[in-house]
Amino acid sequence: MVTGDLRTKVDKIWEIFWSGGITNPLTVIEQFTYLLFMKGLDDKQTDLEQNAEILGIEPEKIFNEDQQGLRWKNFKQLPADAMYEVVVKQVFPFIKNMDSNKKSAFAQYMNDAIFMIPTSQMLEKIVTNIDSLPLDDRDANGDLYEYLLSKVATAGTNGQFRTPRHIIKMMVELMQPTPTDIIIDPAAGSAGFLVAAGEYLQENNEDLFSVKELKEHYNRTMFYGNDMDRTMLRIGAMNMMLHGVEKPNIEYRDSLAEVNKDKEQYTLVLANPPFKGSLDYEGVSNELLKITKTKKTELLFLSLFIRILKKGGRCASIVPDGVLFGSSTAHKSIRKEIVENQHLHGVISMPSGVFKPYAGVSTAILLFTKTGAGGTDKVWFYDMKADGFSLDDKRQPIEESDIKDIIERFHHREDEKDRKRTEQSFLVDKAEIAKNDYDLSINSYKEIEYEKIEYETPKVIIDKIRKLEQQILDSLSDIERMV
């Protein structure tokens, strides 16, 4: 999460956009992202050159000899008017056309990209301020994106809640992606889940880029994301490329519509799909309606996950609380499908402040594997009480956090069998869940221990009050004699 100096500097750049007449938050993020992308390309070229020098080989080239003037480190030193001329007429067209594969997500969604910073003075101020941002590590880049997205005033109005980065990282660590996984987020937005999965893979697999097949898979066939907002698609594609994925498969697609024919294609779903939406049956894939006939997007997305996963594929998805205990036929049907026909591993109940300041909605994380043949025996429940940030609108960092404990306990569920239901996590037999209409709300199984407190009798309390009143009257008499 962005705090302190970085936050102050980003706010200052945001103010420059606003005072320069660019007031639509998504437009600010988009233009901000273009400049970050230009800087990121130059930083990446510098890394390639340094590594090549160490190895004594020729560096890969993003900028050829004739394009050195397009590098951030060079154009940032130009006078304002000259810099504007170079960025508008050369650098921006360069990033729009840098992908020769016109079918790629990046080339497709950069086609209609427009550079909107209106004056050379404004561009110079923004470039100078971006240049001073401390963005040396991947976490800082990711946190910056999250902070920028948090400024989108319309977030939450369509049931779209930006997922906090630490929650994304927790979900990725729960799923532990492998170098051969095929990963999708069917409502990708800025591609936060895909970026975090890529970071996890880079940190935990030393041979990821030394084995040709794995490197090729990582760069071209591992990551998939769908969304219906072209601005977010551009931001998502650039986000992926800045994080080292050469050809992310980010597509404009309504994941729930008939046009989406994906079936048994992926091995891992990571998602926080939009919820609170209601669709017409005509706009929804018939295959999804066969699993659960409903208009509710949160239930349809769960049906979609089951359809698009290969057997053995895993899913970690955020769902609104209502999915866990809703009493409609559709709610019960999708829960039964996951419990009886797939392998439900766990349900993590999250505190309602996790998505503040956007909304105080209560949510949970469902963790399951598609088997098509059941496998659920015991379901692990965890009552998350703290995520490392205050649960009010300010979301200030605090010491208390259950995230490390959640990851530890989930990966050692065999040690959970003796835990009592008064503890923060425990296991529940499938038979009990089935008997309870497949209710997956932790409150349906949690037991509360009441501590017996002995109070004094009313007579004793009244005597104490009388003594106190007498002391007050005596003190007043003493004061009266003194005046």
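Residues numbered from 1 in each chain as written. Predicted model: local features only at pLDDT ≥ 70, side-chain atom pairs only at ≥ 80, totals over all residues. Heavy atoms only, no water.

The name an unreviewed UniProt entry gives the protein is site-specific DNA-methyltransferase (adenine-specific), with Proteinivorax tanatarense as the organism. Its UniProt record, at the heading Sequence similarities (unreviewed entry), says of the protein: "Belongs to the N(4)/N(6)-methyltransferase family." Quoted verbatim from the Catalytic activity (unreviewed entry) field of the UniProt record, the comment on the protein reads "a 2'-deoxyadenosine in DNA + S-adenosyl-L-methionine = an N(6)-methyl-2'-deoxyadenosine in DNA + S-adenosyl-L-homocysteine + H(+)". (UniProt positions renumbered as here; feature names shortened; annotations may be inferred.)

> Is there a simple way to explain unusual backbone geometry in this structure?
With the exception of glycine, most residues fall at negative phi, and the peptide bonds are largely trans. If you check the backbone angles, Asp-437 has positive phi at about 55 degrees while not being a glycine. Checked against the element boundaries, Asp-437 lands in the loop between helix H17 (430-435) and helix H18 (458-482). Residues other than glycine seldom take positive phi values, yet Tyr-438 does so here, at roughly 60 degrees. The topology assignment puts Tyr-438 in the loop between H17 and H18. For Tyr-438, a relative accessible area of 12% corresponds to the buried category. (Helix = DSSP H or I, 4+ residues; strand = E, 2+ residues; numbered from the N terminus. Buried < 20%, exposed > 50% of the residue type's maximum accessible area, 1.4 Å probe, protein only.)

> So what exactly am I meant to see when it comes to the sheet that holds strand E7 (residues 363-369) here?
The 9 strands are arranged E3-E2-E1-E4-E5-E7-E6-E8-E11 in an open sheet whose pairing can be described as mixed. Of all the strands in the sheet, just strand E3 (249-252) and strand E11 (425-429) have a single pairing partner and so form its edges. When the angles between neighbouring strand axes are averaged without regard to direction, this sheet yields 15 degrees. Bridge count for strand E6 (residues 343-350) against E7 is 7 bridges, and the pairing is antiparallel. Within E7, the residue paired with Gly-346 across the bridge is Leu-367. Contacting strand E4 (266-271), strand E5 (309-320), E6 and E7, helix H8 (residues 165-175) crosses the sheet at an angle of about 150 degrees to E5. Contacting strand E2 (223-227) and E3, helix H11 (residues 230-242) crosses the sheet at an angle of about 175 degrees to E3. (Pairing = 2+ DSSP bridges. Axes fitted to C-alpha atoms, helices over the stretch in contact; angles between N-to-C directions. Contact = heavy atoms within 4.5 Å.)

> Could you clarify how one ought to interpret a nonpolar patch on the surface in this entry?
A surface patch of nonpolar side chains, amounting to about 700 Å² of accessible area, comprises Ile-472, Leu-473, Leu-476, Ile-479, Met-482 and Val-483. Mapped onto the secondary structure, Ile-479 falls in helix H18. (Patch = residues over 30% accessible without salt bridge, like charges linked within 9 Å, V, L, I, M, F, W, Y side chains within 5 Å. Areas by Shrake-Rupley, 256 points an atom, 1.4 Å probe, with all protein chains shown as cover. Salt bridge = Lys/Arg side-chain N within 4 Å of Asp/Glu carboxyl O.)

> How do you make sense of the pattern of salt bridges when you look at a structure like this?
Counted according to the given criterion, the structure contains 27 salt bridges. Salt-bridge contacts for Asp-429 lead to Lys-378; the nearest nitrogen and oxygen are separated by 2.3 Å. One end of the pair, Asp-429, is in strand E11; the other, Lys-378, is in strand E8 (residues 378-383), with 51 residues separating them in the sequence. Its relative accessible area of 36% is what places Asp-429 among the partly exposed residues. Residue Arg-481 pairs with Asp-478 through a salt bridge whose shortest N-O separation is 2.3 Å. One end of the pair is Arg-481 and the other is Asp-478, both in helix H18 and 3 residues apart, which spans about a single turn. Overall, Arg-481 belongs to the exposed group, its relative accessible area being 63%. Classification of Asp-478 by relative accessible area gives partly exposed; the value is 38%. Each of Asp-42, Glu-49 and Arg-71 takes part in salt bridges that share partners, so that together they form one network.

> What am I meant to see in the nonpolar core here?
Across soluble globular proteins, nonpolar side chains have a tendency to be buried as a group. Within the largest apolar cluster, 48 residues are counted, with the highest numbers of intra-cluster contacts made by Leu-35 and Met-38. It is helix H2 (residues 25-55) that provides the largest number of residues to this core, a total of 10 residues. Setting aside anything within four residues of it in sequence, one finds Leu-35 in contact with Trp-72, Phe-115, Ile-117, Leu-123, Ile-126, Val-127 and Ile-130. In this structure, Met-171, Leu-201, Phe-223 and Phe-355 belong to the second largest nonpolar core, which totals 44 residues. (Core = buried A, V, L, I, M, F, W, Y, C linked by side-chain atoms within 4.5 Å.)

> Explain the side chain of Arg-234 here, please?
With respect to the helices and strands, Arg-234 occurs in helix H11. Judged by relative accessible area, Arg-234 falls into the buried class, the value being 8%. If we ignore the near neighbours within four places in the chain, the residues touching Arg-234 are Glu-30, Tyr-34, Tyr-109, Met-110, Asp-112 and Ala-113.

> How should I be thinking about the packing of aromatic side chains in this particular structure?
Under the criterion given, the structure shown has 13 aromatic pairs. Here the aromatic rings of Phe-63 and Phe-94 are separated by 5.2 Å at their centres, their planes lie at 25 degrees, and the arrangement is stacked. Placement of Phe-63 in the loop between H2 and helix H3 (72-75) and of Phe-94 in helix H4 (residues 80-97) is noted, with a sequence separation of 31 residues between them. Of the two residues examined, Phe-63 and Phe-94, each falls in the buried class. Note on Trp-72 and Phe-75: the rings are 5.5 Å apart at their centroids and 65 degrees apart in plane angle, and the pair reads as edge-to-face. Residue Trp-72 and its partner Phe-75 are located together in helix H3, separated by 3 residues, close to a single helical turn. Among the aromatic residues, those joined into a ring-pair cluster are Tyr-34, Phe-92 and Phe-115. Lying across the ring of Phe-410, Arg-413 places its NZ or CZ 4.2 Å from the centre. (Phe/Tyr/Trp six-rings, centres within 6.5 Å; stacked < 30°, edge-to-face > 60°. Lys NZ or Arg CZ within 6 Å of the ring centre and 35° of its normal.)

> Help me understand the environment of Met-170, please; the structure alone is not making it clear to me.
With respect to the helices, strands and loops of the structure, Met-170 is situated in helix H8. Take Met-170: its relative accessible area is 1%, and that puts it in the buried class. Between the alpha carbons of Met-170 and Gly-56 there is a distance of 39 Å; along the sequence they are 114 residues apart. Excluding residues within four positions of it along the chain, Met-170 makes contact with Ile-365, Ile-403, Ile-406 and Ile-407.

> Looking at this structure, how should I read the confidence of the model for the protein?
Note that predicted coordinates carrying low pLDDT should not be read in detail. Per-residue confidence for the protein averages 88 on the pLDDT scale, and 93% of its residues sit at or above 70. Contacts from residues 153-159, a stretch scored under 50 in pLDDT, to residues over four places away or in other chains number 9 contacts. (pLDDT = per-residue confidence, 0-100.)

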